Amino acid sequence: MKPPAACAGDVLDAVSPRSPVVNYLRWDLSALQIEALTKELIEQTKRVYDQVGAQEFEDVSYESTLKALADVEVTYTVQRNILDFPQHVSPSKDIRVASTEADKKLSEFDVEMSMRQDVYQRIVWLQEKLQKDSLRPEAARYLERLIKLGRRNGLHLPKETQDKIKIIKKKLSLLCIDFNKNLNEDTTFLPFTHEELGGLPEDFVNALEKTEDGKLKVTLKYPHYFPLLKKCHVPETRRKVEEAFNSRCKEENCAILKELVALRAQKCSLLGFSTHADYVLEMNMAKTSQAVAAFLDELAQKLKPLGEQERAVILELKEAECARRGLPFDGRIHAWDMRYYMNQVEETRYRVDQNLLKEYFPMQVVTRGLLGIYQELLGLTFQLEEGAAVWHEDVRLYSVRDTASGELIGQFYLDLYPREGKYGHAACFGLQPGCLRQDGSRQIAVAAMVANFTKPTPDAPSLLQHDEVETYFHEFGHVMHQLCSQAEFAMFSGTHVERDFVEAPSQMLENWVWEKEPLLRMSQHYRSGRAVPQELLDKLIQSRQANTGLFNLRQIVLAKVDQALHMHTAADPAEEYAQLCQEILGVPATPGTNMPATFGHLAGGYDAQYYGYLWSEVFSMDMFHTRFKQEGVLSPKVGMDYRAIILRPGGSEDASAMLKLFLGREPRQDAFLLSKGLQVEASDPAAC
């Protein structure tokens, strides 16, 4: 069943007329066209680099060098996304394969262009030649960034070293593509009887496909995995599914991961860095691996007592359940017990029935509420584009205008349901950067939110768990960052900010799904149309701190695995993960599994940077509590400040400067620690 076309209510009744070309993206290419256009794009782009690199030094100017590179970056980025985005979303396997191959060729080409010493020399020459303040601030930042990136690629080193770095970079990009392709294309399923799925709601069981012998097929995709681990009361079923989930692509991805880690270490050593973590962190707010280690260790120390209390509660619940169901009690918490009993904590201690709650979150109502809140808060108007060219019939395209001026600022696609071969998580993909084009006109930003929420069935609409509503708000926050930024250069557009700040703008917007007024706006019983009962709403809001110790200790485990792999090359990923699970979480990893082989972030641009989720939460909580909580959660004034100060610059300013301006002071950790259920001492450091 297709989702309803318009799902943002009154605000979308007006369907926008066809406008002149503003969205340069297209999704109708065949596998052969993708191959041919990849070759063409590489040739066209290389010509510009050749021209810049062949200039006599006296001919080097802003126009012929910096602007030429900036202009080609705009067209290249858009064309590249047309060719490599389909690997994540196309329903056709041929097109996904062609797109993956295109990505590999383009990634090799990216490495070639990033290693152009002739171009680098002319950029350095330009910086020396220009008068100090002759460039606009953002152009000066662009020039500095290109020189910094050139040095980080070793373009100031001997040719022999550069060649080694180039070979390593090419290998790395191919390995990363394969690592995530293996996970996306995984089609493993486990067959179970109806009894083995005890405790799962009827709508879940009825929606499962059947095997030839009548068993029910459970895949390892999110809409099957998470509900099963939370609700299935048969421990053996949970064990099998958790073990399979954390063994996906075990052999092939474990080999890739070990090679990735070794190559990254080689590269950073050639560049004069002691570890890959230090190489990566130089460009982030944290700056050094010591700062990250101190942040994670301090937080772990503060959370451990909370984790111990939560584990004791879980063991009590498990003992009671085993007695009730006549099961043996082994006195231990296993990995496959965690989500089940954490969910029980919510249901027994806080009396939040997740199955009942999801009946109040039908996709259509959540989408209408979410889009309405974002529009009011940020002074925007969204319109559904009827009959837009998209890559699958489930996908919707919306145009976004500034409400005050009526100016078109961007468009976004929503692709919300799982399909075979589709990207398996939830993410925002920037597809067309919002920046200046060659003629000085502004190109609108276009982004896609890709998710895997439960599909609608003939009997019921798509009903979202509350944590899925939170995910929806989070990823849509990234979409707004992409669309509201007004940078001049593609390099600074949208979410191109420090990687340990990039999550803060969207994390901050997660707070809305824990506040009464927004919750009432995005919920309604799918049958009766009634609002969430006040009592259930209060319990849900109180449950925010349920399991916060264990949840955040697990985030610390993942961040520390990531840091360990990128600081001690010899570390074995599965062993490192198992040791940290025991030491920090107090819950062992299931023997025989290899969670790091399924950890897409390690090959998806978050290498040595997973800590950024917790680090940026310091800022997201500070922004929310200092401004929105004080001045009004749905205050358009604070919303417009947020849009102007945090979202509008993109990466054209340092995150620390944006934060200070929005907060009116340096950031502090207090709101972050309080949100974790921790006490705040006067001696706690002001910021990370």
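Residues numbered from 1 in each chain as written. Predicted model: local features only at pLDDT ≥ 70, side-chain atom pairs only at ≥ 80, totals over all residues. Heavy atoms only, no water.

Of regular secondary structure, the protein possesses 26 helices and 9 strands. Taking 2.2 N^0.38 as the reference for a compact globule, 688 residues should give roughly 26 Å; the C-alpha atoms of the protein span a radius of gyration of 25 Å, in line with that estimate. C-alpha atoms of the protein, sized along the principal axes, occupy 85 × 60 × 60 Å. Expressed as a percentage of the 688 residues in the protein, the buried residues total 58%. (Helix = DSSP H or I, 4+ residues; strand = E, 2+ residues; numbered from the N terminus. Rg over C-alpha atoms; globule rule 2.2 N^0.38 Å. Buried < 20%, exposed > 50% of the residue type's maximum accessible area, 1.4 Å probe, protein only.)

Across the protein, the average pLDDT comes to 94, with 96% of residues at 70 or higher. Note that pLDDT drops below 50 for residues 1-19; the model gives that stretch 40 contacts with residues more than four away or on any other chain. Considering only residues more than four positions removed or in separate chains, one finds that residues 683-688, a stretch of pLDDT under 50, has 15 contacts. (pLDDT = per-residue confidence, 0-100. Contact = heavy atoms within 4.5 Å.)

According to the stated counting rule, one finds 49 salt bridges in the structure shown. Linking R80 and D110 is a salt bridge whose minimum nitrogen-to-oxygen distance equals 2.8 Å. Here R80 is found in helix α2 (residues 62-84), whereas its partner D110 is found in helix α4 (residues 93-114), with 30 residues between them in sequence. Measuring nitrogen to oxygen at the nearest pair gives 3.4 Å for the salt bridge that ties E666 to K660. We classify E666 as partly exposed; its relative accessible area is 46%. Bridged by salt links that share partners, the residues K46, D50, R116 and D118 form one connected network. (Salt bridge = Lys/Arg side-chain N within 4 Å of Asp/Glu carboxyl O.)

Within the secondary structure, S506 is located in helix α18 (residues 504-510). Those residues in contact with S506, other than ones at most four positions away along the chain, are H474, G477 and H478.

Under the criterion given, the structure shown has 0 disulfides. Of all cysteine sulfurs in the structure, the one in C249 sits closest to C254, which takes part in no disulfide; the separation is 12 Å. Given a relative accessible area of 16%, C254 falls into the buried group. (Disulfide = S-S within 2.5 Å.)

What follows covers the packing of helix α16 (residues 363-378) against helix α24 (residues 636-647). α24 packs onto α16 with a crossing angle of 80° between their chain directions and a minimal axis gap of 6 Å. Put simply, α16 runs roughly perpendicular to α24. The residues of α24 that touch α16, namely those facing E376, L377 and L378, are P636, G639, M640, Y642, R643 and L647. In terms of residue class, the contact of α16 with α24 is built from 6 nonpolar, 1 polar and 2 charged. (Axes fitted to C-alpha atoms, helices over the stretch in contact; angles between N-to-C directions. Parallel < 35°, antiparallel > 145°, perpendicular 65-115°, else oblique. Nonpolar A, V, L, I, M, F, W, Y, C, P; charged D, E, K, R; others polar.)

With that settled, consider the sheet that holds strand β5 (residues 408-415). One open sheet holds the 5 strands; their spatial order is β3-β4-β5-β9-β6, and the pairing between them is mixed. Taken across any chain shown, the strands that pair with only one partner, and hence form the sheet edges, are β3 (380-384) and β6 (427-432). For this sheet, the mean angle separating the axes of adjacent strands, direction not counted, is 25°. In the packing of helix α17 (residues 466-484) onto the sheet, contacts are made with β3, β4 (396-402), β5, β6 and β9 (445-450), and the angle to β9 comes to roughly 170°. (Pairing = 2+ DSSP bridges.)

What follows covers the side chain of T65. Topologically, T65 is positioned in helix α2. For T65, the residues in contact, after removing those within four places along its chain, are V52, Q55, V60, R122, I123 and L126.

With that settled, the discussion passes to the nonpolar core. By size, the foremost hydrophobic cluster in this structure holds 196 residues, and its most contacted members are F412, Y413, Y472, F476, W512 and Y642. Those residues in contact with F412 that lie beyond four places of it in its chain are L371, F382, R396, L397, Y398, V400, A447, F476, V479 and L483. Residues L208, V218, L228 and A244 belong to the second largest nonpolar core, which totals 18 residues. (Core = buried A, V, L, I, M, F, W, Y, C linked by side-chain atoms within 4.5 Å.)

Evaluated as defined, the whole model comprises 36 aromatic pairs. Summarising the aromatic geometry, the rings of Y222 and F226 are spaced 4.8 Å apart at their centres and angled 70° between planes, so their arrangement reads as edge-to-face. Pair noted here: Y222 and F226 are both in helix α9 (residues 222-231), with a separation of 4 residues, about one helical turn. Here the aromatic cluster, defined as three or more aromatic residues joined through ring pairs, consists of W27, F85, W391, Y413, Y423 and F429. If you follow R238 out to its NZ or CZ, it ends over the ring of Y340, 4.1 Å from the centre. (Phe/Tyr/Trp six-rings, centres within 6.5 Å; stacked < 30°, edge-to-face > 60°. Lys NZ or Arg CZ within 6 Å of the ring centre and 35° of its normal.)

Right, let's get into the pairing of β4. Buried residues dominate β4, accounting for 6 of its 7 residues. Bridge count for β3 against β4 is 5 bridges, and the pairing is antiparallel. Looking at the pairing, Q383 lines up with S399 of β4. Where β4 lies against β5, 6 bridges are found, and the strand directions are antiparallel. Along β5, the bridge assignment pairs R401 with L408. Between the end of β4 and the start of β5, which pair antiparallel, lie 5 residues, with G406 showing a positive phi angle near 80°.

A few words now on unusual backbone geometry. One non-glycine residue, K287, lies in positive phi territory at about 70°. In this structure, K287 sits in the loop between α12 (276-281) and α13 (289-325).

Another point: helix α5 (residues 117-129). With 13 residues, α5 should cover 18 Å at 1.5 Å per step; its first-to-last C-alpha distance of 18 Å lies within 8% of that length. Where α5 is concerned, the buried positions are V119, Y120, R122, I123 and L126. What you see down the axis of α5 is that its buried residues fit within an arc of 165°, all on one side. The inward-facing, buried residues of α5 abut α1 (31-54), α2 and α6 (137-152). (Expected span 1.5 Å × (residues − 1). Arc of directions from axis to C-beta.)

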